[in-house]
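# Results of the structural survey
Residue-level listing of the chains:
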Amino acid sequence: MPEIKDILAQLDGENRLRTIPHEATGMIADLSSNDYMGLGELGDGFREEFLNRFPDAAFTSSASRLLSQRQKYHFSLEEMLEGLYGKPALLFNSGYHANVGCTGALTLPGTLFVCDKLIHASMVDGLRIAGSVFKRFPHNDLSKLEMILSRECRNYEHVVVMAESIYSMDGDEANLMKLVKLKHLYPNLLLYIDEAHAFGVRGERGLGVAEEKGLIDEIDLLIGTFGKAAASAGAFAVCSEEMKSLLVNCARPFIFSTALPPVNAAWSILITEKLVGMKRERLHLAELSRRFSSRIEEISGVPTGSTSQIIPYLTGDAARAIAIARTLRDAGFLALPIRRPTVPPGGERIRFSLNANLDMKKLSPLFDVLRDERIFINEN
Ligand SMILES: Cc1ncc(COP(=O)(O)O)c(C=O)c1O
């Protein structure tokens, strides 16, 4: 077995040794967090309102959802989500728990999962832990997906197609419309869509891309998370009553982990109410993202591929990603370098994640940093 110190030295040698960042002060903008609507930054502004409305919210559930006596706010939040989506909802402790739990519960005999190559690690881990049978198709290549489905759908009782509505590292989107069309060709196909990066950000009421495209009813299992645009923690699955019951009975992270504290469920209620009404901020973020992405394309000379608030700036290697992140930090912009294993080799990048509190004027010095770095690279 290799020594721990050798493993760490190897990671360091490959510019892949990670450390936990300390709080940064005096920054112009934090472009590394997933606080897309800027509510995390403004959260303190709701403290009074929160304390007035939820003075009895306890700080611990003290047991899992199947045992806890303190779940008033968990149920209220689920009811609220059910009202918004028009379908039952089930809370999980995090998006990671939700994906591990849902993939595990859906791993029934005779089930094949067909997944986009870039789905989040939590879904891949869920499939691996459950020993699920799964195949992957190249990112967003729906003709390859169709080939797999035409070959395999008749061999399995259930086929679950897994994708993200907005991809966390590339900021591009699954074509939900086409996925739904494919679903209609195969009666045993279920659509599993993770909206972690779209909840709060897209759609008339912030319910995600499925809402924006009028497809909520077509998605068999929709995952949303509260830790990103919703400035809270936790996650939820939206699905049929029957599927919800399957998850309650078979999703192991739901069964075997202490439920979120009621105070957290109550906070998610308050923030979700705010999110629903943030249409103007969503439009602003969409416009800002378009303008930011075209400036990045002008500087890099290559398309970003992004259609969302997540905009990658590819650096080609980890050392350059780290160096750019450092220069950006000195200029007041927090943007983290993304390396293996989060992205494949060669896909190293700076991941810019924008939020609704920003504007192009605030971001202007960032473009100067990137342009200067580009000139330096070209000249050396
Ligand atoms: C697509 C996707 N799903 C799920 C998760 C996990 O969510 P959570 O942070 O709530 O565990 C993430 C987190 O980055 C994600 O990007």
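Looking at an unreviewed UniProt entry, the chain carries the name Aminotransferase class I/II-fold pyridoxal phosphate-dependent enzyme, with the source organism given as Lepagella muris.

What the chain contains, in helices and strands, is 15 helices and twelve strands. Computed over C-alpha atoms, the radius of gyration of the chain comes to 21 Å, within 12% of the 21 Å expected from 2.2 N^0.38 for 380 residues, which places it in the range of a compact globule. With the C-alpha coordinates of the chain rotated into their principal frame, the extents come out at 60 × 55 × 50 Å. In the chain, once contacts between residues fewer than 6 apart in sequence are set aside, the share between residues at least 24 apart is 72%. Put simply, the chain shows about 17,800 Å² of open surface, and 55% of that area lies on carbon and sulfur atoms. Where the 43 positive side-chain charges of the chain centre and where its 48 negative ones centre are 2 Å apart.

Another aspect to go through is the side chain of T111. Among the secondary structure elements, T111 is positioned in strand β3 (residues 111-116). Of note is the side chain of T111, whose polar atom sits 2.8 Å from the backbone oxygen of L108. The contact partners of T111, leaving out residues within four places of it in the chain, are L106, V133, Y156, H158 and V160.

As for its position among the elements, L8 is in helix α1 (residues 4-13). Given the relative accessible area of 42%, L8 is considered partly exposed. Separated by ten residues in sequence, L8 and R18 have C-alpha atoms that sit 9.6 Å apart.

Rules behind the numbers
- Residues numbered from 1 in each chain as written.
- Predicted model: local features only at pLDDT ≥ 70, side-chain atom pairs only at ≥ 80, totals over all residues.
- Heavy atoms only, no water.
- Helix = DSSP H or I, 4+ residues; strand = E, 2+ residues; numbered from the N terminus.
- Rg over C-alpha atoms; globule rule 2.2 N^0.38 Å.
- Contact = heavy atoms within 4.5 Å.
- Areas by Shrake-Rupley, 256 points an atom, 1.4 Å probe, with all protein chains shown as cover.
- Lys, Arg positive; Asp, Glu negative; His and termini not counted.
- Charge placed at Lys NZ, Arg CZ, Asp CG, Glu CD.
- Polar contact = N/O pair within 3.5 Å; in protein donor to acceptor, adjacent residues only side chain to side chain.
- Buried < 20%, exposed > 50% of the residue type's maximum accessible area, 1.4 Å probe, protein only.

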